[in-house]
Each structure stands twice: as structure tokens, then as C-alpha cells.
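So you can see what is in the structure, the chains are spelled out below.
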Amino acid sequence: MGRILVTGATGTVGRHAVALLRQEGAEVVALSSGTGDLRDPGSLPLDGVGAVLLVWPFATAEGAREVVAAIAGQARRVVYLSSAARRDHEREIERLIEASAREWTFLRPHAFAANALRWARQVRAGVVRGAYGAAAMPPVHERDVAAVAVRALLDEGHHGAALHLTGPETITQADQVRTISEVTGIPARWEELPPERARAGLPAEGLPAGVVDEVLRAQAGLVTEPAPVTSTVEEVTKVPASTFREWVAEHAGAFRDVPPAPPTMRAARIHAFGDASQIREEEVDTPRPGPGEVLVEVAATSFNPAEVGLRSGLLPEVFGTDLPRTLGWDVSGTVVETGAGVTGLARGDRVFGVVSGAAAGYVVAAADLLARAPRSIPLADAAAVPVAGLTAWQAIHEHARITPGHRVLINGAGGGIGLFAVRLVKLIGAHVTATASPRSADAVRRLGADVLVDYTAEPLPRDMDVLLNLAAIPGDTAAELAGLAPAAVTVATPIEGATHFVTRDDPEQLAHLATLIDEGGLVVEVAESHPLSELPEIHRRAEAGDTRGKITIHP
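Structural notes, computed from the coordinates. For clarity, every value in this text was computed on a predicted model and none was experimentally measured.

### Overview of unusual backbone geometry
Move 1: Of note, the bond from Leu323 into Pro324 is cis; its omega dihedral lies within 30 degrees of zero at -5 degrees.
Move 2: Within the secondary structure, Pro324 sits in the loop between α13 (316-319) and β14 (325-326).
Move 3: We note that Lys238 has phi near 65 degrees; this positive angle belongs to a residue other than glycine.
Move 4: One non-glycine residue, Arg401, lies in the positive phi region at around 50 degrees.
Move 5: Within the fold, Arg401 resides in the loop between α14 (386-399) and β19 (407-411).

Given below as C-alpha cells:
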């Protein structure tokens with residue numbers, strides 16, 4: 001057969017083909033972008049080549065005619081890596097090979113298991129978002145495709161064959177994510193998006209803009225008609241095809257390991273104070289950590305109502321006046337880089353905390369103000385905890401000093417702080433009466449409230465020991481709440497006679513909250529999740545009173 005030329009020799013399939021051919025004792029000429037120009041036929045190392053594995057990495061067939069002619073003029077056998085989709089350029093290359101090569105075999109793999117690697121950052125964040133989670137396919141291991149290519153290159157009997165290659169089982173996209181989570185130990189789930197929202201995110205996953213609609217159409221079809229499983233891999237190689245779970249086990253590190261930060265990132269910033277239209281998603285330089293700091297790959301931030309005040313320019317003595325400013329206070333994510341003198345955290349650690357400027361792809365934080373994120377929940381969900389969780393904790397334990405048996409009225413129990421407060425008060429052993437609107441009632445009840453009061457239709461009880469006001473309220477409501485209980489704490493609107501405080505960062509308390517979450521005592525409820533681009537709309541909705549609970553924002 002002579003020497004065997006493999007183009008795309010460092011690619012997904014090519015590198016496996018080179019390794020397998022060498023194991024067979026074949027003399028391999030490995031061509032990659034660093035060793036030759038596939039589009040220049042005269043540069044191809046074809047001397048003594050008897051067979052070629054042609055991997056064509058381009059999206060068009062431009063230049064393929066001359067390359068195929070040069071290969072067919074020298075090599076007796078051509079194996080072409082096409083695809084089951086048979087896009088226009090793949091059909092054209094197949095036609096050129098069929099017309100000129102003495103022996104040919106076409107490999108038409110269906111979905112590669114390796115396509116799941118585009119989800120790596122989302123898996124680390126714990127939530128993979130996309131359309132058509134029920135789309136079912138039999139993902140094929142790239143090494144199995146290479147193994148079939150090797151047999152077609154070395155063995156007789158494959159001339160004229162178009163081999164459809166799949167894995168041994170059909171699995172939905174949502175189940176792929178579940179399998180990745182189980183194998184890697186990273187808490188992760190699939191989150192279904194409408195196709196129009198998924199379309200906007202697919203280019204960020206590495207898909208060329210020109211094939212996004214094609215991919216979505218294919219996924220839609222796979223919901224009702226899953227791709228069939230073929231036995232071709234085992235028939236050709238005499239070895240069963242690898243399962244998706246086996247593929248994940250081999251590639252687990254690719255999901256766990258965080259890559260170096262890119263030079264730029266997206267961030268939601270304001271350049272002037274004003275309405276929600278001042279929020280702009282921009283491309284900015286990725287920051288670098290200084291001494292005592294770490295750079296965090298952001299899994300998510302969360303929206304806090306106080307950010308409306310920051311954006312509007314209210315209370316500059318609290319929020320500061322420096323502009324431009326990146327929004328976001330809560331953060332959960334993975335440490336990418338550590339600055340000088342950092343000893344408690346290392347690259348790859350999963351953390352959460354209160355950090356200014358977290359509405360971005362990456363954020364720099366003081367290492368001693370972060371805590372290790374809960375292990376039992378998706379990392380993105382942990383972004384719902386810091387500000388709201390610390391506020392609830394400090395209101396209950398430091399200011400109200402609630403003890404077992406206390407009768408506690410929680411006003412605003414359906415809000416981000418309130419949902420944590422209900423559970424934390426119940427953990428103490430106190431009795432909870434909670435005000436909640438009908439749309440929040442189910443969540444508040446799930447978290448253990450003993451009595452629910454619909455503040456839109458019922459009077460507030462007056463036999464309480466402690467009042468916790470966790471909502472921004474009008475003046476007449478503040479007057480109504482005054483005097484309802486001998487002890488009162490408010491974190492929003494001032495109330496006569498009540499303790500009013502500002503939440504402080506406390507990583508030890510955050511660590512305790514993480515422990516409660518992992519032990520099952522504290523539940524993290526995320527009401528909604530949105531991309532960074534939708535942050536202005538979240539601000540508008542909040543000002544209109546159209547938000548509830550914790551809303552996370554992901555880059």
C-alpha cells in the first residue's frame with residue numbers, strides 16, 4: 001500500500017487515525033495546518049503515498065477539484081471523511097472522488113460525541129441551555145470513526161462503500177447533559193430554551209453563524225424522528241462502538257478543567273446614570289488579578305433590586321459614582337488565575353461571594369472575600385445566594401436574634417431575601433407567618449411557612465414577636481407595619497422603631513450557608529435565568545413590579 005497520507009492529522013478524527021495507523025505499523029505522513037497547505041496541491045507530500053485519509057476542514061469545496069485530482073493521480077485508495085448531513089460541499093467532494101479515484105470509501109458519521117465539548121463552560125456552570133433537549137441521536141466516538149477509517153485504508157473490501165457511523169445507543173441532548181453530570185460529578189442540568197433564544201447563543205458555542213439554523217432544524221427533526229443506530233462500527237472493526245458514557249469518562253477532564261481566560265470578555269456596563277437603556281453589553285478587556293486577588297470565570301451573577309438604585313445614580317454615598325461601571329454584585333464561578341500571595345484558593349476551585357462587577361464573563365475578586373460554593377447544586381444557582389442569603393442570615397441571627405418558639409412575621413417572603421429567610425427561621429424552630437402574593441405562595445409554602453397571608457386581600461396579624469420586613473414598601477405600608485411586633489428589623493424601607501441595616505460581606509457566613517445547602521437544610525430557589533443581554537429588560541420589569549424571587553444572569 002505504501003505510505004498513508006492523513007490530512008487534518010491533528011484534528012478530532014485525524015489524530016486518532018494517525019495513532020491507530022502507527023500501531024498497525026503503517027508509515028504515516030501526517031499533514032496539518034502547521035505542516036502543509038491542503039489547498040495547494042503542489043505542496044502535498046504525495047511521493048510514495050498509496051492511500052489517503054482526506055479530511056477537508058473547509059466549509060466550501062473551493063479548491064477541492066485540484067486537490068482530489070492530485071491525490072487520485074498518485075494514491076490508489078482514498079477514504080473521505082464526509083458526514084451524514086452531506087452538505088453541499090461534501091456532496092461535491094464525494095462526486096469528485098467517485099469520478100477520479102481508483103478505490104474510494106466515504107465515511108458518513110452522524111453526530112460526534114465530541115460535539116458535547118462545546119458545552120464545557122456551561123457544564124462547569126451547572127446549566128446547559130438550548131432548544132430541543134428531547135432531540136435524540138446516537139453520538140459516535142471520534143476514535144471509532146478513525147478506527148473505521150484505518151480498516152478502510154488498510155483492508156480490502158471497502159471500495160465503493162458509503163459507511164454511516166453512529167454510536168451504539170440513542171440518547172437525547174438532555175440525557176447527554178445528565179450523563180456528563182453523573183460521570184464528572186459536576187451538578188449540571190439541561191434548561192430548555194425557545195428556539196429563537198437558543199439561536200442567539202449557538203455562535204458562542206463555536207458554531208459558524210451560517211449553520212445555526214441548519215443545526216436547529218436538524219435538532220427539531222430529531223425530537224420526533226431520532227437518528228437510527230447503525231452497527232457499522234462493529235461490523236468493520238470487529239469491536240463494539242463506544243457508548244456516550246464511555247466517551248465522557250475519557251474526556252471528563254475537558255469538562256472539569258477551566259481554560260485560560262481570553263484577552264477580552266462581554267460585560268454589562270453603564271457609562272451614565274439613568275434608566276435601563278443606559279445598560280450596554282460591551283466587549284472589554286478581561287481583568288487580571290493583583291496581589292491577594294483571583295480571577296473568576298463567572299458562572300452567573302444575580303439581579304438585586306438595589307441595583308436599580310445604583311444604575312439610577314441614587315444614594316451615591318452607598319453605591320459610589322465611578323463610571324463606567326460593570327453591574328452585578330453576586331457571583332459564582334471557577335477560579336481561573338491567582339494573584340501573588342493567594343494561598344487559600346487555586347485554579348479550578350468553585351467559589352461564590354459578593355463582588356462588584358460580576359455581570360461579565362470574568363471578574364477579579366479579593367480571595368479572602370470568597371467562599372467555596374455549595375457542591376450539591378449547579379454552580380450558576382449559587383449566584384442566587386450571596387447578597388440575599390447574607391442579608392437574611394444577618395437580619396435573623398444578628399439583628400432580630402430569633403430563637404425557637406418565636407412568632408415571626410416575614411413581610412416580602414416571596415422575594416429573593418424572603419425565600420432564604422423563611423427557611424432559615426424554620427431551621428431555628430420558630431413559627432413563620434409570611435406575606436406573599438398569590439404568584440409567590442407556592443414557593444413560600446414549599447419552604448415551610450406555617451401561615452400565609454395574602455397581603456393584597458388580608459389584614460396583617462398583630463400577635464407577632466418579631467417583624468422582618470424584607471421588601472421595599474410605600475410609606476403607608478411602613479406606617480401599618482410599625483408597632484406590629486416588639487422587635488422589628490427592616491432591610492429596605494425604614495420603619496419607625498425598626499432596626500435598619502446594610503448587609504456586609506462575610507465569607508464565614510457564606511461558608512455556613514453553603515454547608516446548610518449541601519446538607520439539605522437550605523433550598524436555593526431560582527425563579528428565572530437570563531443571558532447578560534437581557535439585563536436591561538430585567539431592570540425594567542423590576543421597576544414595574546414584575547419580578548419575584550431570585551433571577552440569575554449568565555454570561
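### Considering the nonpolar core
Move 1: Ranked by size, the top nonpolar core spans 71 residues in total, and within it Ile402, Ile410, Val425 and Leu468 carry the most contacts.
Move 2: Take this core: its biggest share by element is 8 residues, from helix α15 (residues 416-428).
Move 3: Contacts of Leu468, omitting those with residues within four sequence positions, involve Ala395, Ile396, Ala400, Ile402, Val408, Leu409, Ile410, Asn411, Val425 and Val489.
Move 4: Core analysis: the second largest hydrophobic core is formed by 47 residues, Val28, Val140, Leu165 and Val233 among them.

### Let's talk about the pairing of strand β5 (residues 103-109)
Move 1: With respect to burial, β5 is a largely interior element, 7 of its 7 residues being buried.
Move 2: The side-chain alternation of β5 yields two buried faces, one formed by Glu103, Thr105, Leu107 and Pro109 and the other by Trp104, Phe106 and Arg108.
Move 3: Sheet topology places strand β4 (residues 77-81) next to β5; 5 bridges connect them, and they run parallel. Bridge pairing in β5 places Val78 opposite Trp104.
Move 4: In terms of handedness, the path from β4 via helix α3 (residues 88-100) over to β5 forms a crossover that is right-handed.
Move 5: Note that β5 and strand β8 (residues 161-165) share 5 bridges and pair parallel. Residue pairing across strands places Arg108 opposite His164, the latter belonging to β8.

### Points about the sheet that holds strand β12 (residues 279-285)
Move 1: Taken in spatial order, the 3 strands of this open sheet run β12-β11-β14, and their pairing is antiparallel. Here the strands that pair on one side only, and so sit at the sheet edges, are β12 and β14.
Move 2: Two strands pair when backbone bridges link them, and strand β11 (residues 264-270) and β14 are joined in this way by 2 bridges, in the antiparallel orientation. From the neighbouring strand, Ile270 faces β14, where its bridge partner is Arg325.

### As for the packing of aromatic side chains
Move 1: Enumeration according to the criterion identifies 6 aromatic pairs in this entry.
Move 2: Measuring from centroid to centroid gives 6.3 Å for Tyr80 and Phe106, while their planes differ by 90 degrees, and the two rings are edge-to-face. With Tyr80 in strand β4 and Phe106 in strand β5, this pair connects stretches of sequence that are 26 residues apart. Of the two residues, Tyr80 and Phe106, neither departs from the other in class, the shared state being buried.
Move 3: Between Trp247 and Phe255, the aromatic rings sit 6.2 Å apart at their centres with planes inclined by 80 degrees, giving edge-to-face as the arrangement.
Move 4: Trp247 gets classed as buried once you look at its relative accessible area, which sits at 0%.
Move 5: Chaining the aromatic ring pairs together yields one cluster made of Tyr80, Trp104 and Phe106.
Move 6: The aromatic ring of Phe58 is capped on one face by Arg39, whose charged end is 3.8 Å from the ring centroid.
Move 7: Its end group placed over the ring of Tyr362, Arg121 keeps NZ or CZ at 5.0 Å from the ring centre.

### Description of the sheet that holds β8
Move 1: Strand order in the open sheet made by the 6 strands is β2-β1-β3-β4-β5-β8, with parallel pairing throughout. Since the sheet does not close on itself, it has two edges, and those belong to β2 (28-31) and β8, each with one partner. The average undirected angle you get between the axes of adjacent strands in this sheet is 15 degrees.
Move 2: As judged from the 4 bridges shared by strand β3 (residues 49-54) and β4, these two strands associate in the parallel manner. Residue Leu53 lies in a different strand from β4, and its bridge partner there is Val79.
Move 3: Running over the sheet, α3 touches β3, β4 and β5 and is turned about 160 degrees from β5.
Move 4: Sheet strands touched by helix α5 (residues 142-154): β1 (3-7), β3, β4, β5 and β8. Its angle to β4, the strand with the most contacts, is close to 165 degrees.

### Concerning α5
Move 1: Relative to the 18 Å expected for 13 residues at 1.5 Å per residue, α5 spans 19 Å between its end C-alpha atoms, a close match to the ideal helical length.
Move 2: With respect to burial, α5 is a largely interior element, 11 of its 13 residues being buried.
Move 3: Those residues of α5 lying buried are Glu142, Asp144, Val145, Ala146, Ala147, Val148, Ala149, Val150, Arg151, Ala152 and Leu153.

### Quick notes on the environment of Val432
Move 1: By the element assignment, Val432 lies in strand β20 (residues 431-435).
Move 2: With a relative accessible area of 0%, Val432 lands in the buried category.
Move 3: Between the C-alpha atoms of Val432 and Met464, which are 32 residues apart in sequence, the distance is 9.5 Å.
Move 4: Each residue touching Val432, except ones within four places of it in the same chain, is listed here: Val408, Ile410, Val422, Val425, Lys426, Ala449, Asp450 and Val451.

Quick notes on the rules
- Residues numbered from 1 in each chain as written.
- Predicted model: local features only at pLDDT ≥ 70, side-chain atom pairs only at ≥ 80, totals over all residues.
- Heavy atoms only, no water.
- Helix = DSSP H or I, 4+ residues; strand = E, 2+ residues; numbered from the N terminus.
- Core = buried A, V, L, I, M, F, W, Y, C linked by side-chain atoms within 4.5 Å.
- Buried < 20%, exposed > 50% of the residue type's maximum accessible area, 1.4 Å probe, protein only.
- Contact = heavy atoms within 4.5 Å.
- Pairing = 2+ DSSP bridges.
- Right-handed = clockwise from strand over helix to strand, strands pointing away.
- Phe/Tyr/Trp six-rings, centres within 6.5 Å; stacked < 30°, edge-to-face > 60°.
- Lys NZ or Arg CZ within 6 Å of the ring centre and 35° of its normal.
- Axes fitted to C-alpha atoms, helices over the stretch in contact; angles between N-to-C directions.
- Expected span 1.5 Å × (residues − 1).

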